[in-house]
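The residues making up each chain are set out below.
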Amino acid sequence: MKVAVITGAARGIGRAIALRLAKDGISVAVSDILTEQVKETAEIVRKNGGKALPLAIDVRDEEQIKSMFERVVDEFGGVDILVNNAGIVHRSHIVDTTSDDFDFVIGVNLKGAFLCIKHAAPIMRRRGGGVIVNISSLHAFATLPNLAVYASSKAGLVGLTKAAALDLGDWNIRVVAICPAAVDTPMLRDKPTEEENIAAANRWKKASPIGLLLQPEDVANLVAWLVSDEARGLTGVAVVLDAGVSADLQVRKIPV
Ligand SMILES: NC(=O)c1ccc[n+]([C@@H]2O[C@H](COP(=O)([O-])OP(=O)(O)OC[C@H]3O[C@@H](n4cnc5c(N)ncnc54)[C@H](O)[C@@H]3O)[C@@H](O)[C@H]2O)c1
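The rules behind these values
- Residues numbered from 1 in each chain as written.
- Predicted model: local features only at pLDDT ≥ 70, side-chain atom pairs only at ≥ 80, totals over all residues.
- Heavy atoms only, no water.
- Disulfide = S-S within 2.5 Å.
- Buried < 20%, exposed > 50% of the residue type's maximum accessible area, 1.4 Å probe, protein only.
- Helix = DSSP H or I, 4+ residues; strand = E, 2+ residues; numbered from the N terminus.
- Pairing = 2+ DSSP bridges.
- Polar contact = N/O pair within 3.5 Å; in protein donor to acceptor, adjacent residues only side chain to side chain.
- Near = heavy atom within 4 Å.
- Areas by Shrake-Rupley, 256 points an atom, 1.4 Å probe, with all protein chains shown as cover.
- Nonpolar A, V, L, I, M, F, W, Y, C, P; charged D, E, K, R; others polar.
- Expected span 1.5 Å × (residues − 1).
- Arc of directions from axis to C-beta.
- Axes fitted to C-alpha atoms, helices over the stretch in contact; angles between N-to-C directions.
- Left-handed = near helix turned anticlockwise from the far one by under 90°.
- Contact = heavy atoms within 4.5 Å.
- Lys, Arg positive; Asp, Glu negative; His and termini not counted.
- Salt bridge = Lys/Arg side-chain N within 4 Å of Asp/Glu carboxyl O.

Please clarify how the state of the cysteines should be interpreted in this entry.
Any covalent bond linking the sulfur atoms of two cysteines counts as a disulfide. Applying the stated rule across the entire model yields 0 disulfides. The thiol of cysteine 116 is not disulfide-bonded; the next cysteine sulfur, from cysteine 179, is found 18 Å away. By relative accessible area, which is 0% here, cysteine 116 ends up buried. What makes cysteine 179 buried here is its relative accessible area of 0%.

Would you mind going over the pairing of strand β2 (residues 27-32) with me for this structure?
Two faces, one strand: in a regular strand the side chains alternate between the faces of the sheet. Most of β2 sits out of view: 6 of its 6 residues are buried. Judged by which residues are buried, β2 turns out to be covered on both faces: Ser27, Ala29 and Ser31 on one side and Val28, Val30 and Asp32 on the other are all buried. As judged from the 5 bridges shared by strand β1 (residues 3-7) and β2, these two strands associate in the parallel manner. Residue pairing across strands places valine 3 opposite serine 27, the latter belonging to β2.

Looking at this structure, I do not really get the side chain of asparagine 197. What am I missing?
Here asparagine 197 shows up in helix α6 (residues 194-207). For asparagine 197, a relative accessible area of 4% translates into the label buried. Among the polar contacts listed, one links the side chain of asparagine 197 to the backbone oxygen of arginine 189, at a separation of 3.4 Å. A polar contact is formed between the side chain of asparagine 197 and the backbone nitrogen of aspartate 190, at a distance of 3.5 Å.

Mind showing me how you'd approach the site of the ligand here?
Close to the ligand lie 28 residues, the nearest being Arg11, Asp32, Asn85, Tyr150 and Thr185. In the environment of the ligand, an oxygen atom lies 2.8 Å from a nitrogen or oxygen atom belonging to the backbone of isoleucine 13. One nitrogen or oxygen atom from the main chain of valine 183 is found 2.8 Å from an oxygen atom belonging to the ligand. Burial of the ligand by the protein chains amounts to 95% of its free accessible area of 820 Å². The set of elements that each furnish at least two residues to the shell around the ligand consists of α1 (12-23) and α5 (148-168). Class assignment for the residues of the shell around the ligand results in 17 nonpolar, 7 polar and 4 charged.

What should I look at first to understand helix α2 (residues 35-47) in this one?
Owing to its 3.6 residues per turn, the α-helix aligns residues three or four sequence positions apart on the same side. Relative to the 18 Å expected for 13 residues at 1.5 Å per residue, α2 spans 19 Å between its end C-alpha atoms, a close match to the ideal helical length. Of the residues making up α2, those classed as buried are Val38, Thr41, Ala42 and Val45. The arc that holds every buried residue of α2, seen down its axis, measures 95°, which confines them to one face. What points out from α2, more than 90 degrees from its buried face, is the exposed set Glu36 and Lys47.

Explain the packing of helix α3 (residues 62-76) against helix α4 (residues 99-126) to me, please; I cannot follow it from the model alone.
The description of two packed helices rests on the angle between their axes and on the distance between the axes. Where α3 meets α4, the axes come as close as 10 Å, and the angle between the chain directions of the two elements is 35°. Regarding α3 and α4, the two cross each other, and that crossing is right-handed. Here Glu62, Ile65, Lys66, Met68, Phe69 and Val73 of α3 come into contact with α4, specifically with Gly112, Leu115, Cys116, Lys118, His119, Ala120 and Ile123. Partitioning the contact of α3 with α4 into residue classes produces 8 nonpolar, 2 polar and 3 charged.

What's the story with the side chain of arginine 174 in this structure? I'm lost.
By the secondary structure assignment, arginine 174 is in strand β6 (residues 173-180). One buried charged residue, arginine 174, forms no salt bridge at all, with the nearest opposite charge on aspartate 229 at 5.5 Å. At a separation of 2.9 Å, a polar atom in the side chain of arginine 174 contacts the main-chain carbonyl oxygen of alanine 231. Excluding its chain neighbours within four sequence positions, the residues that come into contact with arginine 174 are Gly130, Val131, Ile132, Leu226, Val227, Ser228, Ala231, Arg232, Leu234 and Thr235.

Pasting the structure below:
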């Protein structure tokens, strides 16, 4: 039985990835700082007949990451798949963004992924290989005002994907990134009022030539394929999953 470790799996995209991989017969270790909600993810997996191990970890903490992988090896025997999904968004004008803001967001979104890769890869090597999927963002390539740190962290994740693919290729480990446009999760719906949340969702829908606001399951389905042998030719690349949003150069389409 294959084993996947998914970070940020308490809700949103991470939870959808856990449910989808479990449906494909993969044992899932689900980790997050939201202890109760990540237990709930594991419960749902188990109710659906899958195997799940919930773990309370903060991806900024290397010791916690090390013990997470030790627990997974003890419980499931190894690791074949790592999905670096944990992430936070931070909105502020670049000149109002503090050094601490920068360190915090980079610490979760970029350093967290680096640390997980560093500690997962030797374990995957012992199994003869594996696949690492980094959940980056369309903001790696084109962004909006007030997202300097977030965009930097997600662009960094694309660079990390390429570098890791080179270093880990000899161990038969593929490393890929997914760059989604807006996905309908608590992260997208974090505005002060429900009206603003609906407006944001509608703007993204309108910006898609097929009128689609991506759902967490759309990302999960792509992860499921990327970790399968059908995707064996893909490593060191960032796959854009954006419902066509970036194909359209009408700059007025997403009023900010
Ligand atoms: N929702 C979107 O529009 C969108 C678009 C593109 C990319 N993404 C990326 O997808 C990923 C998942 O986002 P989501 O939309 O499901 O958001 P979300 O906020 O619903 O989920 C993110 C999860 O990460 C966890 N997390 C945050 N900090 C952590 C830490 N230090 N250690 C461990 N876990 C931590 C949170 O508790 C949460 O459960 C993120 O990396 C995000 O940047 C989201």
